[in-house]
Amino acid sequence: MVKATIKGLIAFSIFFLNIFAAQAQNTLDSIKIEQYLSTLPSLARLEEKYKAADNSENEEYVSMLDSPEITRTPISDGLIRLRDHPRYDEFKDIVTDANFSDPEEWASTGDQIMMAYSAYQLKYPESANAPSLAEIKKDMQEDLEKINKNQFISAEQKQTLINKIENSMALLNDPNYIDSENISIISPYIERLNTLFKEYQ
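Note that this is a predicted model, so its numbers are computed, not measured. (Residues numbered from 1 in each chain as written. Predicted model: local features only at pLDDT ≥ 70, side-chain atom pairs only at ≥ 80, totals over all residues. Heavy atoms only, no water.)

Participant: What should I look at first to understand the packing of helix H3 (residues 74-82) against helix H5 (residues 103-123) in this one?
Facilitator: The description of two packed helices rests on the angle between their axes and on the distance between the axes. At a minimum axis separation of 6 Å, H3 and H5 run at an interaxial angle of 145°. Contacts between H3 and H5 involve Pro-74, Ile-75, Ser-76 and Leu-79 from the former and Pro-103, Glu-104, Trp-106, Ala-107, Ser-108, Gly-110 and Asp-111 from the latter. For the contact of H3 with H5, the residue count by class is 6 nonpolar, 3 polar and 2 charged. (Axes fitted to C-alpha atoms, helices over the stretch in contact; angles between N-to-C directions. Helix = DSSP H or I, 4+ residues; strand = E, 2+ residues; numbered from the N terminus. Contact = heavy atoms within 4.5 Å. Nonpolar A, V, L, I, M, F, W, Y, C, P; charged D, E, K, R; others polar.)

Here is the structure:
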């Protein structure tokens, strides 16, 4: 169960963070974190208002807060979709009212928070019985070998799975990720982030 949870966190990281190459992160600070977190309740209420008003007539409803793409910068990438969102101007007002210069600065801060949050969860798992990073890497290597030997999936499916595992391993070996200074900066906010993510997932 614990290993499954850890693997889920890694999958979470890959979904939200494209780690095909090691890249240095900008340093977070408490002011930016507080500014970003202050926008989430208002954005969640805005999304609920939009859903209540328009979702019945919009079968292809698109969330303002979710990103379906595999990317290193999920929040920033989501801005591309948001620009055509019927509530974009209201979204922009919420962001600028929180003292961000523009939506791009808000999104960049969100990307850094998500990167640091997922790294913290992997480095300091809640369960005392959680496997070490070395054990996680070993499990990944075993999974990789099993996939390579699997004859019951297509070559395309196999390559997709292989890429995901190799990217996971690269993530865990990237000092810009697993040893980022942003981990210690985000640590006082972990409990609060856990609560927020549960509320808005």
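Participant: I keep staring at the confidence of the model for the protein and nothing clicks. Help me out?
Facilitator: Fine structural detail should not be taken from predicted coordinates in areas where pLDDT scores are low. Per-residue pLDDT for the protein has a mean of 79; in total, 77% of the residues score no lower than 70. Across residues 1-24 the pLDDT falls below 50, and counting only partners more than four positions away or on other chains, this stretch makes 61 contacts in the model. (pLDDT = per-residue confidence, 0-100.)

Participant: So what exactly am I meant to see when it comes to the pattern of salt bridges here?
Facilitator: One side chain can pair with another of opposite charge once the charged atoms of both are near each other. What the rule picks out here adds up to 6 salt bridges. Close ionic contact of Lys-49 with Glu-90 constitutes a salt bridge, the shortest N to O distance being 3.1 Å. Pair noted here: Lys-49 is in helix H2 (residues 30-54) and Glu-90 is in helix H4 (residues 88-97), with a separation of 41 residues, a long-range link. Between Glu-104 and Arg-83 there is a salt bridge; the shortest N-O distance is 2.2 Å. Separated by 21 residues along the polypeptide, Glu-104 in helix H5 and Arg-83 in the loop between H3 and H4 bring together distant segments of the chain. Overall, Glu-104 belongs to the partly exposed group, its relative accessible area being 36%. The partly exposed category is assigned to Arg-83, whose relative accessible area is 42%. Within the structure, one salt-bridge network assembled from shared partners comprises Lys-49, Arg-87 and Glu-90. (Salt bridge = Lys/Arg side-chain N within 4 Å of Asp/Glu carboxyl O. Buried < 20%, exposed > 50% of the residue type's maximum accessible area, 1.4 Å probe, protein only.)

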